[in-house]
Amino acid sequence: MSLRSAMDRLLGRSAPSSSPSAAPAGGRSAVVAHLQDFVATRVGVEAYVEPPNAQTPPTVLLVATTGEWTRRRVPDERTGFDVARSLGVPVYNVRFTGYPQRMRDWNSAQHARQKNRPRR
């Protein structure tokens, strides 16, 4: 799937159009820009598609080599896989792989940093 068609699905567009009504909502275009920026500015990014649950819709989680991560909602799991592939990163189903240890390590380091930060 091409980047354009994956992004069109993420943005909720059924087909490219030049009409003003086909312009993406500000929030959706921000999601696309954020994901592209994360991949372009980090090394070794991998994607993990998370299934929906009772509290959250399906999401795509991007994790860099450092463990830094970002998560964004997607309309469905298939779109999550398509978007990740179109960004040119490896993509995994978190149901089968779990979360990478480097992400847990990064979260722990961030938590420790916050805990040790002097209060104002």
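Residues numbered from 1 in each chain as written. Predicted model: local features only at pLDDT ≥ 70, side-chain atom pairs only at ≥ 80, totals over all residues. Heavy atoms only, no water.

(A) Region of the structure containing the packing of aromatic side chains. According to the stated counting rule, one finds 1 aromatic pair in the structure shown. For the ring pair Y48 and Y92, a centre distance of 5.4 Å and an interplane angle of 35 degrees mean the geometry is tilted. You can see Y48 sitting in strand 1 (residues 46–50) and its partner Y92 sitting in strand 4 (residues 91–93), a full 44 residues away along the chain. Assessed through its relative accessible area of 5%, Y48 is described here as buried. (Phe/Tyr/Trp six-rings, centres within 6.5 Å; stacked < 30°, edge-to-face > 60°. Helix = DSSP H or I, 4+ residues; strand = E, 2+ residues; numbered from the N terminus. Buried < 20%, exposed > 50% of the residue type's maximum accessible area, 1.4 Å probe, protein only.)

(B) Geometry of the nonpolar core. Within the largest apolar cluster, 17 residues are counted, with the highest numbers of intra-cluster contacts made by L35, V45, A47, L62 and V89. Elements with a minimum of two residues in this core: helix 2 (26–41), strand 1, strand 2 (59–63) and helix 3 (77–86). Here this core takes 4 residues from helix 2, the largest share from any one element. The residues contacting L62, other than those within four sequence positions of it, are L35, F38, V39, V45, E46, A47, E68, W69 and T70. Grouped together as the second largest cluster of nonpolar side chains are 5 residues, L61, V63, V94 and M103 included. (Core = buried A, V, L, I, M, F, W, Y, C linked by side-chain atoms within 4.5 Å. Contact = heavy atoms within 4.5 Å.)

(C) Seen up close, the pattern of salt bridges. The tally for this structure, following the rule as stated, stands at 6 salt bridges. Through salt bridges with shared partners, a single ionic network connects R78, D82 and R85. (Salt bridge = Lys/Arg side-chain N within 4 Å of Asp/Glu carboxyl O.)

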